[in-house]
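Descriptive analysis of the structure
Each chain, letter by letter, is given below.
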Amino acid sequence: MADPLPADRQSQRFLLLYALAWAGGSAAYVPFLTILLPVRVSVLAGDAAGVSWLAYIAFAGAIAASAAFIGFGYLSDITRRRREWVWLGLVLSCALLALFREAATLPALIAIIVAWQLALNMMLAPLAAWAGDCVPDARMGSLGGLLAFAPGLGALAGALVTMPGLASADTRLVLVGVLVACCVVPVLLVSPPGKEPEPDLAYAASRERPSLTPARRGAMRRMWLARLAVQIAEAALFSYLYFWFRSIDPDMGDNRTARVFGVVLILSAPIALWAGRWADRTSRPFTPLVVCAFASAAGLIGMALAPSLPFAIATYAVFGFAASIFLALHSGQTLRVLPRSDRRGRDLGLFNLTNTVPSLIMPWLTMAIVPVAGYPALFVLLGGLAALAGLLLRNMTQAN
């Protein structure tokens, strides 16, 4: 049956439901990895041993996530069945969440985390590529702006499932699975805008055009390196913001730090949506990325010079706003520089390494710099990386 909605309304509906589904992905891993998993580890191993347990679990999970995003994205390319892979990953990842309570040893925890990461990225990788199949380049800015709401909704899901008296520790995992399903299922039940290409036609079209010109190869490299640079800075602040604030003012507690982080995250989303729509209207897709990269660098340099807690919070807000907007819009604009529609899932998996690699290297980089030169030196280095991202993208032109 044909979709009764006009094309523009159908496209807008798909964008909104797709953004909700992507928020479901955040709802899957943000509460689990930041709250529910550490609590479970603390119960099993205690606070002292729990730190080392979490390090092993996080390392194994990051490796599994990186490999799975590439692998399942590639499988969805080969089969041209994005929707079916998303369904399967959704069911398996939610089922594994419910089984998590059975793990009682470190090897068992690592095994179930690896299995869960494989299932979760079985859902996320084809879902990411599906946007490139259905959303035109002219709306990639709006898509990126809508995706900016996902981290805040993921944090909100964590606050919801951990409300005192709402559910036991085991039931919280089931609630997470229910929330994820409620977010992801709607987009799987609607027709995407336009007609998705048949597998043989999509492959033939991608082979007929010159897909990897030197200009396109250079655009891909600059986009990849720019995101990696900003993600390294974002990963450092995500892990060490609380400790930096307390180094300036020991009275800065965890609750106040969480409020600052949450306010920046939530308020950046509507700004990202406005910036993405502006980029679409003006046909200047990379301009907001350049502005946000340099603004991130300015915020980090301000943090390095912060003499007081109010100044530190203000400069962190500059960085937080700019970095959050950059990462959200970058996710949308990346789709326009990928060379082949029939290998979109695989290529997005390679871009996803910019999300996982920083989490592996930042703890070691921070431990090497902060004890010797302090947080200001770290922030100057990160500011240089953010400025490099701006320089890489400054001369970007639209890839066709």
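Anyway, here's the lowdown on the structure attached to this text. One numbering rule holds for all chains: residues counted from 1, following each sequence as written. Reporting of local features is limited, given that this is a predicted model, to residues whose pLDDT is at least 70; pairs of side-chain atoms are given and counted only at 80 or more, and all residues count toward the totals for whole chains, interfaces and linings. Side-chain numbers come from the whole structure's heavy atoms, not from hydrogens or water.

**Let's talk about the pattern of salt bridges**
Going by this rule: Any carboxyl oxygen of Asp or Glu that lies within 4 Å of a side-chain nitrogen of Lys or Arg is treated as forming a salt bridge with it. Relative accessibility decides the category of a residue: with a 1.4 Å probe and only protein chains considered, values under 20% of the type maximum give buried, values over 50% give exposed, and everything between is partly exposed.
Inspection of every chain in the model, using the stated rule, returns three salt bridges. Among the salt bridges present, the one from Arg101 reaches Glu102, with a minimum N-O distance of 3.9 Å. A relative accessible area of 40% places Arg101 in the partly exposed class. What you see here is one network of salt bridges that share partners, running through Asp77, Arg82 and Asp133.

**Observations regarding the packing of aromatic side chains**
Formally: Stacked, tilted and edge-to-face are the three classes assigned to paired rings of Phe, Tyr and Trp, where Trp is represented by its six-membered ring and a pair needs centres within 6.5 Å; plane angles under 30 degrees give stacked, over 60 edge-to-face, the rest tilted. Put simply, DSSP H or I for four residues or longer makes a helix, DSSP E for two residues or longer makes a strand, and each gets a number counted from the N terminus.
Following the criterion strictly, the structure yields nine aromatic pairs and no others. Between the aromatic rings of Phe72 and Trp85, the centroid separation amounts to 5.8 Å while the plane-to-plane angle is 55°, which identifies the pairing as tilted. Of this pair, Phe72 sits in helix H1 (residues 7-79) while Trp85 sits in helix H2 (residues 82-99), and the two are 13 residues apart along the sequence. Accessibility expressed as a relative area gives 15% for Phe72, which makes it buried. Residue classification places Trp85 among the buried residues on the basis of a relative accessible area of 17%. Both rings, one in Trp244 and one in Phe379, keep their centres 5.0 Å apart while their planes meet at 90°; by these two values the pair is edge-to-face. Pair noted here: Trp244 is in helix H8 (residues 214-248) and Phe379 is in helix H12 (residues 344-393), with a separation of 135 residues, a long-range link. For Trp244, a relative accessible area of 3% puts it in the buried group. Three or more aromatic residues joined by ring pairs form one cluster here, namely Trp244, Phe245, Tyr316, Phe319, Tyr375 and Phe379.

**Topic: the environment of Glu234**
Note the cut-off: Residue contacts are counted whenever heavy atoms from the two residues lie within 4.5 Å of one another.
With respect to the helices and strands, the residue Glu234 is situated in helix H8. Separated by 90 residues in the primary sequence, Glu234 and Ser324 place their C-alpha atoms 8.4 Å from one another. When neighbours within four sequence positions are excluded, Glu234 is seen to be in contact with Phe319 and Leu327.

The values reported here are purely geometric and, on their own, carry no functional implication.
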